[in-house]
Amino acid sequence: MSKIKNWMYLLKNDPVPVLLKKAPLPVRYGTALRFTPGDAELLDTLRRDFYKYKPREHLLKSQLPDGLWELEKKYKIEERNRAMSFLHQLKNMTELLDYGCTKEMPSIQRGIIALLKTQKPDGKFPLLLHHHGYALWLLAQYDLIGNPFVEKGYRWLAKRQRPDGGWLSPSMVPDGVSLKNTKSGIWTTLFAFQAFSVHSRLRHSDVCQKAAGFVLDNYLERSHTTLFPEADSWSFLHTDYSDNGLFRGGTLRFIEALAPFADLHDHPNFRKAVNWMLDQQLSTGLFPAVVGKSREGDFAVTLRFVTALKEMDKATV
């Protein structure tokens, strides 16, 4: 196959005008930021609109002085409380990222510090490996690459890569299955790999390259762990701020993770994933939230896909 010079040209129709005109405020802002960065007037207007955007306003006002948010449910075991507080922090900080918040804001600084305080001395974040990988990816989005606590988190994760290039959380393997003889988890590995893919230095490491190989080789494979074992998991493109929804994304997340690596774009499974996504574009120009189930387009999914295409266009070997 010949190398593609401009992935955006493969779209049946350009959804950017629709996103700028009809999408909810967070998606309109994200679209303007990525696709019309020179339109200062539009960006200023959207930023002003965010100041009175109720979901953002509520989330910022409900933050506690220590940077955390109060849990709706309290658990008897304190370690469980800490773990659920960490997950709650991931969800809220992701939502604020989508609402145009940056680390220059005092509220975000408090939120980042609170998130980093959940780390153990060896660099491990609470819960499972996909939570750890997601936390690193999120901190990278807030421009925290190079922070010593973040780097410690990356080192901890790198040490737990398995010989097949992937990662596996032991508690997610069904009873009776030998850990030693089972392959790594596809979704767990995808989150670990995505964390490395956004690290300016570690994206070139052997750890990242081995992880990319595992992810590519296991595209469309059904998960043998308890993390998204459903046959149609690859079709769930939409993400949200729920416990499970935060980790969805299916084929779209697969493409997003691999987008920065130009030398991998010719891999048959990557081409298959991109072509499949392109085929899902609706007459409105949008892409569905869940392929095979959603009849309407999803603005956020559409923005994520065209952003990935743009990332692929600027990727270098």
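Just so we're clear, the structure is a prediction, and the values are computed from it rather than from any experiment.

Visitor: Give a description of the layout of surface pockets that names residues and reports values.
Guide: Approximately 1600 Å³ is the volume found for the largest pocket. Every residue lining the largest pocket is counted, 49 residues in all, and those nearest its centre are Arg-34, Leu-97, Asp-98, Trp-137 and Gln-141. Looking at the lining of the largest pocket, the elements with two or more residues in it are helix H2 (25–35), helix H5 (78–98), helix H7 (129–141), helix H9 (186–197), helix H11 (250–258) and helix H13 (299–314). For the lining of the largest pocket, the element with the most residues is H13, which contributes 10 residues. Looking at side-chain class alone, the lining of the largest pocket contains 23 nonpolar, 12 polar and 14 charged residues. Of the volumes computed, that of the second largest pocket is approximately 510 Å³. If you go around the second largest pocket, you meet 22 residues; those closest to its centre are Asn-81, Arg-82, Ala-83, Ser-85 and Thr-118. If you list the elements that add at least two residues to the lining of the second largest pocket, you get H5 and helix H6 (106–116). Residue contributions to the lining of the second largest pocket peak at 6 residues, all from H5. A class-by-class count of the residues in the lining of the second largest pocket yields 10 nonpolar, 3 polar and 9 charged.

Visitor: Quick rundown of the pattern of salt bridges? Include the residues and the values.
Guide: Within the structure shown, the criterion is met by 12 salt bridges. A salt bridge links Glu-256 to Arg-304; its shortest N-O distance comes to 2.9 Å. Here Glu-256 is found in helix H11, whereas its partner Arg-304 is found in helix H13, with 48 residues between them in sequence. Taken together, the shared-partner salt bridges connect Lys-54, Glu-57 and Lys-61 into one network.

Visitor: Before we move on, can you summarise the nonpolar core with the specific residues and values?
Guide: In summary, soluble globular proteins display a tendency toward joint burial of nonpolar side chains. Counting 92 residues, the largest nonpolar core has Phe-193, Phe-254 and Ile-255 as its most contacted members. Sequence-distant contacts of Phe-193, defined by excluding residues within four places in its chain, comprise Trp-167, Cys-208, Ala-211, Ala-212, Val-215, Ala-257, Leu-258 and Phe-261.

Visitor: Could you give an account of the packing of aromatic side chains, naming the residues involved and the relevant values?
Guide: A full pass over the atoms with the stated rule returns 19 aromatic pairs. With centroids separated by 5.3 Å and ring planes inclined at 70°, the aromatic side chains of Tyr-154 and Phe-196 adopt a geometry described as edge-to-face. With Tyr-154 in helix H8 (residues 148–158) and Phe-196 in helix H9, this residue pair connects regions lying 42 residues apart in the sequence. Across this residue pair, the class does not change: Tyr-154 and Phe-196 are buried. Lying across the ring of Phe-261, Arg-203 places its NZ or CZ 5.0 Å from the centre.

Visitor: Describe the side chain of Thr-225, listing the residues and the values that go with them.
Guide: In this fold, Thr-225 is placed in the loop between helix H10 (206–217) and H11. On the accessibility criterion, Thr-225 (5% relative accessible area) is buried. Within the local environment of Thr-225, its side chain forms a polar contact with the side chain of Ser-223, the two groups lying 3.1 Å apart. From its side chain, Thr-225 meets the backbone nitrogen of Leu-227 in a polar contact 3.2 Å long. When residues no more than four places from it in sequence are discounted, the contact partners of Thr-225 are Leu-168, Met-172 and Gly-185.

Visitor: If you had to explain unusual backbone geometry to someone new, which residues and values would you point to?
Guide: Of note in this structure, Leu-220 is not a glycine but carries a positive phi near 75°. By secondary structure assignment, the location of Leu-220 is in the loop between H10 and H11. Judged by its relative accessible area of 44%, Leu-220 falls in the partly exposed class. The phi dihedral of Phe-228 is positive, around 50°, even though this residue is not glycine. Along the polypeptide, Phe-228 turns up in the loop between H10 and H11. The class of Phe-228 is buried, set by a relative accessible area of 6%.

The rules behind these values
- Sequence positions are assigned chain by chain, starting from 1 and proceeding in written order.
- Local features are withheld for residues below a pLDDT of 70 in this predicted model, meaning they are given only at 70 or higher, and side-chain atom pairs are given and counted only at 80 or more; totals for whole chains, interfaces and linings count all residues.
- For side-chain calculations, the full set of non-hydrogen atoms in the structure is used, while hydrogens and water are omitted.
- Cavities and pockets are defined on a 1 Å grid built over the protein atoms alone: a cavity is a set of grid points where a 1.4 Å probe fits but cannot escape, while a pocket is an open set with protein on both sides within 12 Å along at least five of seven lines, and lining residues are those with an atom within 4 Å of any such point.
- Grid points are joined across faces, edges and corners, and a volume is the space filled by probe spheres set on the points.
- Strands are runs of DSSP state E lasting at least 2 residues, helices are runs of H or I lasting at least 4, and numbering of each runs from the N terminus.
- Under this grouping Gly is polar, as are all residues other than the nonpolar Ala, Val, Leu, Ile, Met, Phe, Trp, Tyr, Cys and Pro and the charged Asp, Glu, Lys and Arg.
- Note on definitions: salt bridges are taken to be side-chain nitrogens of Lys or Arg within 4 Å of carboxyl oxygens of Asp or Glu.
- To form a nonpolar core, buried Ala, Val, Leu, Ile, Met, Phe, Trp, Tyr and Cys residues must be joined to one another through side-chain atoms within 4.5 Å.
- The cut-offs for exposure are 20% and 50% of the maximum accessible area for each residue type, with area from a 1.4 Å probe on protein chains only; residues under the lower value are buried, those over the upper are exposed, and the others partly exposed.
- Residues count as neighbours in contact if any of their non-hydrogen atoms are within 4.5 Å of one another.
- Each Phe, Tyr or Trp ring, with Trp reduced to its six-membered ring, pairs with another whose centre is within 6.5 Å; inter-plane angles below 30 degrees give stacked pairs, above 60 give edge-to-face pairs, and intermediate values give tilted ones.
- Charge over a ring is defined by NZ of Lys or CZ of Arg lying within 6 Å of the ring centre and within 35 degrees of the ring normal.
- Pairs of N or O atoms within 3.5 Å make up the polar contacts considered here, provided that, within protein, one atom can donate a hydrogen while the other can accept it, and that residues adjacent in sequence are counted only when both atoms are side-chain atoms.

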